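Structure assessment
These are the residues of each chain, in order.
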Amino acid sequence: LLQTIVSENGYFNSANFVVICGQMLQRKLSKDFDQDIIPIKGIMPVEAGTEMYISAVGIFRSRGDYYWEQITPGIFIHIISGGAGVFEVDSRLYEVKSGEVFIFWPGQRVRYWDFPDRPWRYTWLSLDGDERSWIYREAGLSRENPHLILKDIPELTQSIDDIIWTFEQGEYSALYPCHAAVRL
């Protein structure tokens, strides 16, 4: 386990730590799902000054009646491609479905669940960087507005597929996680 959360250069890899801890907690809360986690090689150095980059990616498929709760350790965006459910953040409930996005910010207490008859399918991304970034504002996402209805679903779906394919191949530059985040 320790080798998994330490990066190749010997530094602590927060993305791997978040994924491993999330998997352990998730198994206690709900076992009725499949999830593929795509490793991201390399970590952007702090001195690079990047506003945002992708540090982990997951492809999630519920079998229905999925439930999850946590205090979020980072920024996580969920892009729903199928099904419907509810997420709660800061005592506010949002019903979400295919073609919508929801985001969690560091330190928020969140709960979310899908409807048994409409199981969720979504891609989640762990994003590192400055949560005050102009990129989030341009997308219309903030702590006050964590939900977004997508306008151009085919273009976003193609971008996500391309990004996932690139990460799965493992052949990309150290700047690609930043480029991919901005591309979304």
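Reading guide: rules and limits
- Residues numbered from 1 in each chain as written.
- Predicted model: local features only at pLDDT ≥ 70, side-chain atom pairs only at ≥ 80, totals over all residues.
- Heavy atoms only, no water.
- Helix = DSSP H or I, 4+ residues; strand = E, 2+ residues; numbered from the N terminus.
- Buried < 20%, exposed > 50% of the residue type's maximum accessible area, 1.4 Å probe, protein only.
- Contact = heavy atoms within 4.5 Å.
- Areas by Shrake-Rupley, 256 points an atom, 1.4 Å probe, with all protein chains shown as cover.
- Salt bridge = Lys/Arg side-chain N within 4 Å of Asp/Glu carboxyl O.
- Pairing = 2+ DSSP bridges.
- Axes fitted to C-alpha atoms, helices over the stretch in contact; angles between N-to-C directions.
- pLDDT = per-residue confidence, 0-100.

1. Details of the overall build of the protein
Across its full length, the protein holds four helices and 10 strands. Secondary structure elements in the protein, listed N-terminal to C-terminal, are α-β-β-β-β-β-β-β-β-β-α-β-α-α. A total of 184 residues make up the protein; the buried ones form 45% of that total. Here the contacts in the protein between residues at least 6 apart in sequence split such that 73% fall between residues at least 24 apart. For the protein, the exposed surface amounts to about 10000 Å²; the carbon and sulfur share of it is 54%.

2. Some points on the pattern of salt bridges
A side chain of one charge can pair with a side chain of the opposite charge if their charged atoms are brought near each other. Following the criterion strictly, the structure yields six salt bridges and no others. Two residues, aspartate 36 and arginine 61, come together in a salt bridge whose shortest N-O distance is 3.0 Å. Of this pair, aspartate 36 sits in strand E1 (residues 33-38) while arginine 61 is found in strand E2 (residues 52-62), placing the two residues 25 residues apart along the sequence. With a relative accessible area of 40%, aspartate 36 lands in the partly exposed category. Close ionic contact of arginine 109 with glutamate 69 constitutes a salt bridge, the shortest N to O distance being 3.3 Å. Placement of arginine 109 in strand E8 (residues 109-114) and of glutamate 69 in strand E3 (residues 67-71) is noted, with a sequence separation of 40 residues between them. The partly exposed category is assigned to arginine 109, whose relative accessible area is 46%. Classification of glutamate 69 by relative accessible area gives partly exposed; the value is 27%. Several salt bridges share partner residues, and in doing so they unite Asp32, Asp34 and Arg63 into one network.

3. Comments concerning the sheet that holds E8
Here four strands make up an open sheet; going across it, the order is E3-E8-E5-E6 and the pairing antiparallel. What marks the edges here is a single partner per strand, and that holds for E3 and strand E6 (92-97). For this sheet, the mean inter-axis angle between neighbouring strands, taken without regard to orientation, is 15 degrees. In this sheet, E8 lies alongside E3 in antiparallel orientation, the contact comprising five bridges. Residue pairing in the sheet places tryptophan 68 in a bridge with tyrosine 112 of E8.

4. Some thoughts on the sheet that holds strand E7 (residues 100-104)
One open sheet accounts for six strands, arranged E1-E2-E9-E4-E7-E10; its pairing is antiparallel. Only two strands of the sheet have a single partner each, and these edge strands are E1 and strand E10 (147-149). Within this sheet the neighbouring strands show an average axis-to-axis angle of 20 degrees, counted without direction. Sheet topology note: the strand E4 (residues 75-82)/E7 ladder contains four bridges and is antiparallel.

5. Let's talk about the confidence of the model for the protein
With 76% of its residues at a pLDDT of 70 or more, the protein has an overall mean of 79. Here residues 1-28 is a poorly scored stretch, pLDDT under 50, and it has 31 contacts once near neighbours within four places are set aside; other chains count.

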